[in-house]
Amino acid sequence: GVLSEHAVPWGDSITYPESRAEARGSLVAPVTSARICVLGCGALGSPIAEHLAQGGSRALSLFDSQTLDLENTSRHKLGPLDVGQGKAVALARRLNGIHPGAYIRGFLFELPPPPVPRRGDRLAWHLLEQADLLIGCTASKSAFLSASRLGRQHGKLVINMFLNAGARI
């Protein structure tokens, strides 16, 4: 038929070596090789996760129990096409395309996590327990205390930060 009468169009391609992607803006080697968990992927957690991905973080896990609402898009790295999706899952999908060496996972996961992991949450629990660094980006006092407790129990570095005009801790 009709298709056999036309030549196959050719396109140009270039080789984009990983070393070139890492040449500018990279984080230091201990950070790029660290297993990092970002707890909360909202207005603060999403730009932090993006900065880590752009800097070459290779083992980044994102946790958030909420879906993106339309009113969140004015202060979030996700956009209107992501409305209704889990923030962490949608953000991980977007960030995986930023750096060729990235492996970013997102989990629709309750913070703080339940005391006994559900069957579907075993990988998320494992990543939290194996992390070198936990970055808490939620205004939840219980999530803040849970990350601190997990850090003490497993000898992890924990950074908790949040923006909240009524903060009391």
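Placed above this text is the structure.
A brief look at the structure comes next.

Rules behind the numbers
Residues numbered from 1 in each chain as written. Predicted model: local features only at pLDDT ≥ 70, side-chain atom pairs only at ≥ 80, totals over all residues. Heavy atoms only, no water. Helix = DSSP H or I, 4+ residues; strand = E, 2+ residues; numbered from the N terminus. Buried < 20%, exposed > 50% of the residue type's maximum accessible area, 1.4 Å probe, protein only. Contact = heavy atoms within 4.5 Å. Pairing = 2+ DSSP bridges. Right-handed = clockwise from strand over helix to strand, strands pointing away. Patch = residues over 30% accessible without salt bridge, like charges linked within 9 Å, V, L, I, M, F, W, Y side chains within 5 Å. Areas by Shrake-Rupley, 256 points an atom, 1.4 Å probe, with all protein chains shown as cover. Salt bridge = Lys/Arg side-chain N within 4 Å of Asp/Glu carboxyl O. Core = buried A, V, L, I, M, F, W, Y, C linked by side-chain atoms within 4.5 Å. Phe/Tyr/Trp six-rings, centres within 6.5 Å; stacked < 30°, edge-to-face > 60°. Polar contact = N/O pair within 3.5 Å; in protein donor to acceptor, adjacent residues only side chain to side chain. Axes fitted to C-alpha atoms, helices over the stretch in contact; angles between N-to-C directions.

**Some thoughts on the overall build of the protein**
For the protein, the helix and strand inventory stands at six helices and five strands. Its helices and strands taken in sequence order, the protein reads α-α-β-α-β-α-β-α-β-α-β from the N to the C terminus. Taking all 169 residues of the protein together, 38% fall into the buried category. Long-range pairs, those at least 24 residues apart, make up 61% of the contacts in the protein between residues at least 6 apart in sequence.

**Overview of the pairing of strand β1 (residues 35-39)**
The element β1 is extensively covered by neighbouring structure, given that four of its five residues are classed as buried. Where β1 and strand β2 (residues 59-64) come together, five bridges link them in parallel fashion. Each residue of the ladder has a partner; that of Leu39, found in β2, is Phe63. After leaving β1, the chain enters helix α3 (residues 45-54) and then returns to the sheet as β2, a path that is right-handed. Of the pairings in the sheet, the one linking β1 to strand β4 (residues 133-136) comprises four bridges and is parallel in character. Paired with Val38 across the two strands is Ile135, which belongs to β4.

**Quick word on a nonpolar patch on the surface**
Together, Leu157, Ile159 and Met161 line one region of the surface with nonpolar side chains, adding up to about 240 Å² of accessible area. In this structure, Met161 sits in the segment after β5 (157-160).

**Describing the nonpolar core**
Within the largest apolar cluster, 22 residues are counted, with the highest numbers of intra-cluster contacts made by Ile36, Leu62 and Ile104. Contributions of two or more residues to this core are made by β1, α3, β2, α4 (87-95) and β4. Beyond its immediate stretch of four places on either side in the chain, Ile104 contacts Ala53, Leu60, Leu62, Ala92, Leu95 and Asn96. Within the second largest apolar cluster, 15 residues are counted, among which are Cys37, Phe109, Leu127 and Ala131.

**Details of α4**
Restricting attention to buried positions, one finds in α4 the residues Lys87, Ala88, Ala90, Leu91, Ala92 and Leu95. In this structure, the buried side of α4 is in contact with α3, β2 and β3 (103-108).

**Observations concerning the environment of Ser26**
Within the secondary structure layout, Ser26 lies in the loop between α1 (18-21) and α2 (29-32). A C-alpha to C-alpha distance of 5.8 Å links Ser26 and Gly56, two positions 30 residues apart in sequence.

**Quick look at the packing of aromatic side chains**
Overall, the coordinates contain two aromatic pairs when judged by the stated rule. Seen from their ring centres, Phe63 and Phe107 are 5.2 Å apart, and the 20 degrees between their planes marks the pair as stacked. Of this pair, Phe63 sits in strand β2 while Phe107 is found in strand β3, placing the two residues 44 residues apart along the sequence. Residue class for Phe107 comes out buried when judged on its relative accessible area of 15%.

**As for the environment of Thr138**
By the element assignment, Thr138 lies in the loop between β4 and α6 (141-154). Take Thr138: its relative accessible area is 22%, and that puts it in the partly exposed class. Thr138 sits 24 residues away from Phe162 along the chain, and the two C-alpha atoms are 5.8 Å apart. There is a polar contact of 3.3 Å between the side chain of Thr138 and the backbone nitrogen of Ser140.

**Section: the sheet that holds β3**
Spatially, the five strands line up as an open sheet ordered β3-β2-β1-β4-β5, and their pairing is parallel. The strands lining the two open edges of the sheet, one partner per strand, are β3 and β5. In this sheet, adjacent strand axes meet at a mean angle of 15 degrees when their direction is disregarded. Set on the sheet, α3 makes contact with β1, β2, β3 and β4; between it and β2 the angle comes to about 170 degrees. Packed onto the sheet, α4 meets β2 and β3 and runs at close to 165 degrees relative to β3.

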